[in-house]
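Spelled out, the chains give:
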Amino acid sequence: MTTLAHSLTDSGTMLRRQLLHLRRYPSLTGMLIGLPVIFLLLFVYVFGGTLGAGLGGDRSAYLDYLTPGILLFTVAGAAAGPAIAVAMDMTEGIVDRFRSMAIARGALLTGHVLGSMVQSFLAVLAVLGVALAIGFRPNATALEWLAVAGMLAAISFALTWLAVALGMAADSVETASNTPMFLSLLPFLGSGFVPTETMPTGLRVFAENQPFTPVIETLRGLLLGTGIGNSAIVALAWCAGITLLSYLWAKRNYNKRAAR
Amino acid sequence: MTTTVTTRPAISAAGLRKAFGTKVVLDDIDLTVTEGTVFALLGPNGAGKTTMVRILATLLPPDGGSIRVAGHDLIGDPDGVRAAIGLTGQFSAVDRLLTVQENLRLMADLHRLGRGEGGRRVARLIERFDLGESARKPVSQLSGGQQRRLDLAMTLVGDPRLIFLDEPTTGLDPRSRHEMWRIVRELVAEGVTVFLTTQYLDEADELAARIAVLDHGRIVAEGTPDELKRRIPGGHLRLRFTDPHSLRTAASVLGSAHRDDEALTLQVPSDGDVASLRAVLETLDGVRVQPADLTIHTPDLDDVFFAFTGGPAIASDSAPAAASALASVPASKEIR
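Since the model is a prediction, treat every value here as computed from it, not as a measurement.

Engineer: Provide a residue-level description of unusual backbone geometry, including the pertinent values.
Structural biologist: All names here are of chain B. If you check the backbone angles, Ala70 has positive phi at about 55° while not being a glycine. Along the chain, the position of Ala70 falls in the loop between strand E4 (64-69) and strand E5 (72-73). Classification of Ala70 as buried rests on a relative accessible area of 15%. A positive phi is found at Asp130, a non-glycine position, where the angle reads about 55°. By relative accessible area, Asp130 is classed as exposed at 56%.

This is the structure in structure tokens:
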């Protein structure tokens, strides 16, 4: 077998390991679905009347506005999973076992990333299901749905690598479970829940230029037909940048920690 | 090496060095491990045993030295080394979220064994390590001894020719400990080479064909358990007589013996080999005295350990400092 074939086989094996973990602990996935669903219901039914009026519509208009942000909130929340899982692996002897075997170097981390993306997608589907059930009415074509999936995959890939890097950099599992939390805040400090125009200047500048906003605007445009402009390009650039830096950081830490 | 070894060595290291920052952990180590034998690296906590295992198992790069493991150059061909070895580290290397069977399957898949062969090996190992009843249990529900057995079983999935066991019985109860010893003996009988670290002298004595005593990053003694014991002063013959007259007669011809009139015994310094034994008996024959019984006391490995690591048994120039270091009561982890 060639190196590439080995790499694929081993990554597949490591992905199966992660899927077994998911199956053994469905409560974690449940939590990753539960929180965004609660936020969705809270914002639509408690704040939605007022916020919808602020947008010049009603509660159902706010549901449409909110859903893309909630989807991203779901993806961001799911990033806590791999951070914890990686930190757990690093504190146990099993990583030494893997490293003393002739397996493809990147396979362990790739398994974590792919497993976490599967988890993210399950969560996104569940949250989207709830949104549709309570009246979310997107007008996306099949092609646009595909683009939505692609956009979510790209940001999920980027955030998962970031989480893997954070998990690798954390000294303990507790730290690893806390550090990715700031990701869940970012949709609030962007265009996820309310338009950025109403924010004070300093915050507005941040909100309009942080990576989540172009992702939300792209999703919103694809799902609801609002203008996308250059958001898609900016979003993809952010995803690529975050992925690359996180990948390098994670890999560097993996080699460094392993060599202690 | 002057001994004639027909098989190639499983491990050969020359001038192996490792330092963490300014702290030298392994200092110019030379060692050779013969294929199909147990080699024990004996030393107190912090001597550098785990660092040595981590280097030989490709987890840690050495600072210098030429090292071949399982026929492959450690630096030039680490994947070749990895394909031939198995490592059971000091810390449990099992996946606690998976079941026993899933853990073993994971190893089979990582060795790319394929469904059929992988399944067969997993089933064999479950049987052999008596894990059948817990095969479908998550590892977190196993006892310490069972986890240790699973740990070793996982190491064996790839059928390694050389395995590293880093303190395999630390923390195990006596029954599990003897079980582990039995498994190690079986492996060696199958031709597997075992590189073992331990701080238990009886374990090294029990299992190893050769022992190296590691202290402060240096090998301070190496040899078979018997060779090491012979190199230690303190060995003697103990002769018991039936009457005071025989005792006095024997004492008068045996020179430097220590006489105990109460117990009617004589202690004669001896390294316990046949020639010196015969000399003593011939001397006694010459004066027509026969001891009622005779025991040979060879120093045990505790004596060896303390002598070579400068412990309390024998005073050497560095003894006081070394002795206190050896005592190291809080089980301080070795540098990893």
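Engineer: Residue-level account of the interface of chain A and chain B, with values.
Structural biologist: Many analyses report the size of an interface as the accessible area lost when the parts associate. Every contact between the two is made by 28 residues of chain A and, on the other side, 30 residues of chain B. Among the residues of chain A in contact with chain B, A:Arg24, A:Arg97 and A:Ser100 are the three that bury the most area, contributing 23% of the side total. Between B:Arg54 and A:Asp96 there is a salt bridge whose closest N-O contact spans 2.6 Å. Applying the counting rule to chain A against chain B returns 14 residue pairs in polar contact (both at pLDDT 80 or more). Listing elements by their share of the side of chain A that touches chain B, those giving two or more residues are helix H1 (3-24) and helix H5 (94-99) of chain A. Residue composition of the side of chain A that touches chain B, by class: 12 nonpolar, 6 polar and 10 charged.

Engineer: I'd like to hear about the packing of aromatic side chains, residue by residue, with values.
Structural biologist: All names here are of chain A. One pass over the full model with this rule turns up 13 aromatic pairs over all chains. Taken together, a centroid distance of 5.0 Å and an interplanar angle of 40° make the contact between Phe39 and Phe73 tilted. With Phe39 in helix H2 (residues 26-54) and Phe73 in helix H3 (residues 59-78), this pair connects stretches of sequence that are 34 residues apart. When the centroid spacing of 6.3 Å and the interplanar angle of 20° are considered together, the rings of Tyr62 and Tyr65 count as stacked.

Engineer: Please set out the sheet that holds strand E10 (residues 218-223) of chain B residue by residue, giving values where relevant.
Structural biologist: Residue and element names in this part refer to chain B. What the 6 strands build is an open sheet, ordered E6-E7-E8-E3-E9-E10; its pairing is mixed. Strands with a single pairing partner mark the edges of an open sheet, and in this sheet they are strand E6 (85-88) and E10. Between one strand axis and the next, the sheet turns through 15° on average, direction left out of account. In this sheet, strand E8 (residues 193-198) lies alongside strand E3 (residues 38-42) in parallel orientation, the contact comprising 5 bridges. Note that in E8 the partner of Leu41 across the bridge is Thr197. In this fold helix H1 (residues 49-56) packs onto E3, E6, strand E7 (162-166), E8 and strand E9 (210-215), with an angle of close to 150° to the strand it touches most, E8. Its contacts with the sheet put helix H5 (residues 144-156) on E6 and E7, and the angle it makes with E6 is roughly 165°.

What counts and what doesn't
Residues numbered from 1 in each chain as written. Chains lettered and ligands numbered in written order. Predicted model: local features only at pLDDT ≥ 70, side-chain atom pairs only at ≥ 80, totals over all residues. Heavy atoms only, no water. Helix = DSSP H or I, 4+ residues; strand = E, 2+ residues; numbered from the N terminus. Buried < 20%, exposed > 50% of the residue type's maximum accessible area, 1.4 Å probe, protein only. Contact = heavy atoms within 4.5 Å. Buried area = accessible area lost by both parts, 1.4 Å probe. Salt bridge = Lys/Arg side-chain N within 4 Å of Asp/Glu carboxyl O. Polar contact = N/O pair within 3.5 Å; in protein donor to acceptor, adjacent residues only side chain to side chain. Nonpolar A, V, L, I, M, F, W, Y, C, P; charged D, E, K, R; others polar. Phe/Tyr/Trp six-rings, centres within 6.5 Å; stacked < 30°, edge-to-face > 60°. Pairing = 2+ DSSP bridges. Axes fitted to C-alpha atoms, helices over the stretch in contact; angles between N-to-C directions.

Everything listed here is a matter of coordinates, which is why it stays silent on function.
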